[in-house]
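So you can see what is in the structure, the chains are spelled out below.
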Amino acid sequence: MKIAMIGAGGWGTAMMISLAGRHKDLVLYCRKPETAEKLNRERENKEYLPGVHLPEVIRITSDLKEAVEGAGCVVICTPSKAVADTAGKIAKWLEKDAVVVSASKGLADDEGHRLSEVIAQKVAGITDRIVALSGPNHAEEVGAGLPCATVAASEVPEAVQIVQDLFMSPVFRVYRSDDIRGVEYGGALKNIMALACGVLDGIKLGDNSRAALMTRGLVEMTRFGVRFGAKMNTFFGLSGMGDLVVTCTSSHSRNHTAGVMMGEGKTAKEIVEGTNMVVEGMRTALLVHEIAKREHIDMPITEEVCCLINGEHTARKALEVLMARAKKAESETYPTESL
Ligand SMILES: NC(=O)C1=CN([C@@H]2O[C@H](COP(=O)(O)OP(=O)(O)OC[C@H]3O[C@@H](n4cnc5c(N)ncnc54)[C@H](O)[C@@H]3O)[C@@H](O)[C@H]2O)C=CC1
Ligand SMILES: O=C(CO)COP(=O)(O)O
């Protein structure tokens, strides 16, 4: 089966390299012709995934039609803000009943639409085989062939089975899930907590506080997801707790690194302008905060991350606010209902 990868950042490149071990019809799409030409010449993505060879079997193009036409599986892995637009652009060349995989992590808009939802809208009438792929999978490690596990989720069982079969390898273990909401919310919201953990590490608050923040962060993520129909158990799996752990603790994480810089006093603007890479947690925090306010969902960590991003609180002030919240029983903070 032909597999098209739309987005040649670190993650798209790493997934292609992983797939190259078992597939022969692979096309990596990047927006700029000069980037496609450079990747073809150097067989290395020096900007986003340096030090890893791009096997010859991967064709690289800046022609979207060439990438998408004839593909049985199209993977979208642009930054979240570009997913809806990208899905709209691929629609006219998309094969009937092709599987479309959303591998980005974030939300589509401040209405709380998930990425798979906006993809489904854009490709309606062509295919309903939409799958989210999400888990603790830093591109640097996947590209280097280190072992990891992830989750493929869809409401269409045969679609999720196809993705499991296509992506599974001796070093890339794929689990199936029918809870696409939980898988997507987990992948999006853990980036907010990684930013917060970075801040905490930036001002050197120690290991106990990081454990507390990750645990309370997971409760907050779960509370949000369950409110919008996700299954609670999904947050305890690879796409929830698994990804939370890796992003809050790994030196590979752009979100954690950005948080450290915020803790050290850099502004969000300075951080974003200083990197070519996407720091999804900033956009997601602002979107989630708006939704949480509207829906009366208690999300204190997210709120403080937004105060930091907007320059309203210092890291010390955010800590003070979180530590001084009302006394309560731990059990009363767990989510109990879904819509
Ligand atoms: N890097 C990682 O380890 C992982 C990243 N992800 C997710 O995958 C998505 C992409 O992340 P990365 O590949 O790491 O990004 P990256 O930061 O390595 O590169 C961003 C890529 O997106 C392209 N891009 C920027 N704006 C665009 C636009 N408007 N339209 C189309 N393309 C655009 C850039 O040219 C570049 O190729 C994000 O949502 C991220 O959360 C998911 C799992 C792992
Ligand atoms: O999602 C990721 C790992 O699973 C990547 O996290 P960062 O975007 O923080 O690097």
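Above this text you will find the structure in question.
Residues numbered from 1 in each chain as written. Chains lettered and ligands numbered in written order. Predicted model: local features only at pLDDT ≥ 70, side-chain atom pairs only at ≥ 80, totals over all residues.

1. As for the site of ligand 2
Phase 1: Taken together, 14 residues sit near ligand 2, with N137, H138, S253, R254 and N255 positioned nearest.
Phase 2: Mapped by element, the contributors of at least two residues to the shell around ligand 2 are helix 8 (180–202), helix 10 (238–249) and helix 11 (254–263).
Phase 3: Looking at the shell around ligand 2, the element that brings in the most residues is helix 10, giving 3 residues.
Phase 4: Each residue belonging to the shell around ligand 2 can be placed in one class, and the counts come to 3 nonpolar, 7 polar and 4 charged. (Near = placed C-beta within 6 Å. Helix = DSSP H or I, 4+ residues; strand = E, 2+ residues; numbered from the N terminus. Nonpolar A, V, L, I, M, F, W, Y, C, P; charged D, E, K, R; others polar.)

2. Some thoughts on the sheet that holds strand 10 (residues 172–177)
Phase 1: Taken in spatial order, the 8 strands make up an open sheet running 5-2-1-6-7-8-9-10, and their pairing is mixed. What marks the edges here is a single partner per strand, and that holds for strand 5 (58–61) and strand 10. Averaged over all pairs of adjacent strands, the angle between strand axes in this sheet comes to 25°, irrespective of strand direction.
Phase 2: By the bridge criterion, 4 bridges tie strand 1 (residues 3–6) to strand 2 (residues 26–29) in an arrangement that is parallel. Bridge pairing in strand 2 places A4 opposite V27.
Phase 3: In the packing of helix 4 (residues 83–90) onto the sheet, contacts are made with strand 1, strand 6 (73–76) and strand 7 (99–102), and the angle to strand 6 comes to roughly 155°. (Pairing = 2+ DSSP bridges. Axes fitted to C-alpha atoms, helices over the stretch in contact; angles between N-to-C directions. Contact = placed C-beta atoms within 7 Å.)

3. Overview of helix 9 (residues 207–227)
Phase 1: Look at helix 9: 30 Å from first C-alpha to last across 21 residues, which is about the 30 Å you get at 1.5 Å a residue.
Phase 2: Of all the positions in helix 9, only L213, M214, G217, L218, E220, M221, T222, R223, F224, G225 and V226 are classed as buried.
Phase 3: Tucked inside the fold, the buried residues of helix 9 contact helix 8, helix 10, helix 13 (280–295) and helix 14 (300–309).
Phase 4: Downstream of helix 9 by one or two residues, G229 has phi in the positive range, about 95°. (Expected span 1.5 Å × (residues − 1). Buried ≥ 20, exposed ≤ 12 C-beta atoms within 10 Å, placed from the backbone.)

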